[in-house]
Amino acid sequence: LTKKVRILCKNNHEWSSELKTIKKRDCTICKEQNRQQEKQNQEQEKQQRLKEEEGLQQKLFEEARKKFQTHYKAQKSDDNSEQNQKQNLQQIIKNHAIYDFQLTLRKYELIATEQAKEFCSKINSFDEFQNILAVYKFSLVPEECIKNFFINLDVDSVKNEFRKLAKCLHPDKNKHPDAGTVFHKVHRVYDLSLIHISEPTRQAEISYAVFCLKKKNTFKHIFL
């Protein structure tokens, strides 16, 4: 006759096991409840991050709109000379490029965070989480967005921004297998941007044309 024993966990979940094969194990019901609770907590965190992201996007949008209105009013009060118009437009383009870059980073923040967590879990280390997160972020951000951000800064600012990125994306600093690819992507955009901003006259002409021909309707729709 096979003898069975009744086992009771600390949460009063009961199960039975044969005496010969009994071994110490956790309660499967408790495990499942804990798994469901963890899943629920992750979903709540995800919703909270989405809410915070929407709030930040709205804040950035309002800041950009106010800056545009300030520059627009300042422009109207000027003597309407061609030189002053170009300077004001350049400043507006710069503000929009920075705003667009920040918004794009926030757009991919949630996806990149989930991917970075998954990778760090696989290697059982979260020590370089921010560096890993940067790899996933900048693998998603289009080169054109990075370039628009770089070319609307001065040379020193571009170099400083690139140094910051290099510290977390360079393969010597980042053990993610795609770090080299992402670093070369950013480095390529950085090189092209330096060439672009080293020709101020050409930059001004191109930026002014881009604003007039491509951005005019967009700015009008967003800010006015």
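Residues numbered from 1 in each chain as written. Predicted model: local features only at pLDDT ≥ 70, side-chain atom pairs only at ≥ 80, totals over all residues. Heavy atoms only, no water.

A. Looking closely at the overall build of the protein chain. Along the protein chain, the regular secondary structure elements total eight helices and two strands. Each helix (α) and strand (β) of the protein chain, taken in turn from the N terminus, gives the series β-β-α-α-α-α-α-α-α-α. Put simply, the protein chain has 224 residues, and 33% of those count as buried. By sequence separation, contacts in the protein chain at least 24 residues apart represent 62% of the contacts at least 6 residues apart. Counting only carbon and sulfur atoms, one obtains 49% of the accessible surface of the protein chain, whose full area is about 15300 Å². (Helix = DSSP H or I, 4+ residues; strand = E, 2+ residues; numbered from the N terminus. Buried < 20%, exposed > 50% of the residue type's maximum accessible area, 1.4 Å probe, protein only. Contact = heavy atoms within 4.5 Å. Areas by Shrake-Rupley, 256 points an atom, 1.4 Å probe, with all protein chains shown as cover.)

B. How the structure looks around the nonpolar core. In terms of nonpolar packing, the biggest core is built from 26 residues, with Phe101, Phe138, Ile146, Phe150, Leu169 and Val186 touching the most fellow members. Of all the secondary structure elements, the ones that give two or more residues to this core are α2 (82-107), α4 (129-140), α5 (143-151), α6 (155-169) and α7 (179-197). If sequence neighbours within four positions are ignored, Ile146 has contacts with Phe101, Phe138, Val141, Lys185, Val186 and Val189. Counting residues in hydrophobic clusters, the runner-up holds eight residues, among them Ala116, Phe129, Ile132 and Leu133. (Core = buried A, V, L, I, M, F, W, Y, C linked by side-chain atoms within 4.5 Å.)

C. Highlighting the pattern of salt bridges. Counted under the stated rule, the structure contains five salt bridges. The partner of Lys122 in a salt bridge is Glu118, and the shortest N-O contact between them spans 3.8 Å. Highlighted residues: Lys122 and Glu118, both in helix α3 (residues 109-122), separated by four residues, approximately one helical turn. Here Lys122 falls in the exposed class, since its relative accessible area comes to 63%. Between Glu143 and Arg188 there is a salt bridge, and its shortest N-O distance comes to 2.5 Å. Of this pair, Glu143 sits in helix α5 while Arg188 sits in helix α7, and the two are 45 residues apart along the sequence. (Salt bridge = Lys/Arg side-chain N within 4 Å of Asp/Glu carboxyl O.)

D. Examining the packing of aromatic side chains more closely. Overall, the coordinates contain seven aromatic pairs when judged by the stated rule. Ring plane angle 5° and centroid distance 4.1 Å describe the contact between Phe101 and Phe149, whose orientation is recorded as stacked. With Phe101 in helix α2 and Phe149 in helix α5, this residue pair connects regions lying 48 residues apart in the sequence. A relative accessible area of 9% places Phe101 in the buried class. (Phe/Tyr/Trp six-rings, centres within 6.5 Å; stacked < 30°, edge-to-face > 60°.)

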